[in-house]
Amino acid sequence: LGRPEGTRPDLLRYSADEIGQQAGPNRQAIMDARLRAIKTAEVVCCTCVGAGAPLLDRMAFGCVLVDEACQATEPATLVPIV
C-alpha cells in the first residue's frame, strides 16, 4: 500500500493501487480489485500510518512487523497494532 510514485518500478505490479487502476474506470471495480489483492497477498507492506487506511479497516493479520521501529514514534507504532 502507498503512493505508486514512491514504489520501485519493478514492484509496481504488486501494488494494490496499481492493481486497482488496471481494473478500469469504475470506482467499485477499483476498490474490489484492491481489496482482492490485499486479501490474497501473503505479505502486506505499508507505513505505520498507512496501516490506518480505510482500505484496511476490519482486516485482521496474524502478525505485524514494524521495521525500523526505533525511528517511529510510539503513537505511530500503535496504528498497525490496533
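Residues numbered from 1 in each chain as written. Predicted model: local features only at pLDDT ≥ 70, side-chain atom pairs only at ≥ 80, totals over all residues. Heavy atoms only, no water.

1. Notes on the overall build of the protein chain
Link 1 in the chain: Within the protein chain, the secondary structure is distributed over 3 helices and 0 strands.
Link 2 in the chain: In sequence order, the secondary structure elements of the protein chain are arranged as α-α-α.
Link 3 in the chain: Taken over the C-alpha atoms alone, the protein chain extends approximately 40 × 30 × 20 Å along its principal axes.
Link 4 in the chain: Counting all 82 residues of the protein chain, 18% fall into the buried class.
Link 5 in the chain: Of all intrachain contacts in the protein chain linking residues separated by at least 6 positions in sequence, the fraction that spans at least 24 positions is 32%.
Link 6 in the chain: Accessible surface computed for the protein chain: about 6500 Å², of which carbon and sulfur atoms make up 55%.
Link 7 in the chain: Treating the 8 positive side-chain charges of the protein chain as one cloud and the 10 negative ones as another, the clouds have centres 8 Å apart. (Helix = DSSP H or I, 4+ residues; strand = E, 2+ residues; numbered from the N terminus. Buried < 20%, exposed > 50% of the residue type's maximum accessible area, 1.4 Å probe, protein only. Contact = heavy atoms within 4.5 Å. Areas by Shrake-Rupley, 256 points an atom, 1.4 Å probe, with all protein chains shown as cover. Lys, Arg positive; Asp, Glu negative; His and termini not counted. Charge placed at Lys NZ, Arg CZ, Asp CG, Glu CD.)

2. Looking at the layout of surface pockets
Link 1 in the chain: Volume-wise, the largest pocket comes out at about 1400 Å³.
Link 2 in the chain: For the lining of the largest pocket, the class distribution of residues is 31 nonpolar, 8 polar and 9 charged. (1 Å grid on protein atoms, 1.4 Å probe; cavity = no way out; pocket = protein on both sides within 12 Å on 5 of 7 lines; lining within 4 Å. Points joined across faces, edges and corners; volume = space filled by probe spheres on them. Nonpolar A, V, L, I, M, F, W, Y, C, P; charged D, E, K, R; others polar.)

3. Remarks on the environment of D67
Link 1 in the chain: Mapping D67 onto the fold places it in the loop between α2 (27-40) and α3 (74-78).
Link 2 in the chain: A sequence separation of 37 residues divides D67 from I30, and the C-alpha atoms of the two residues are 29 Å apart.

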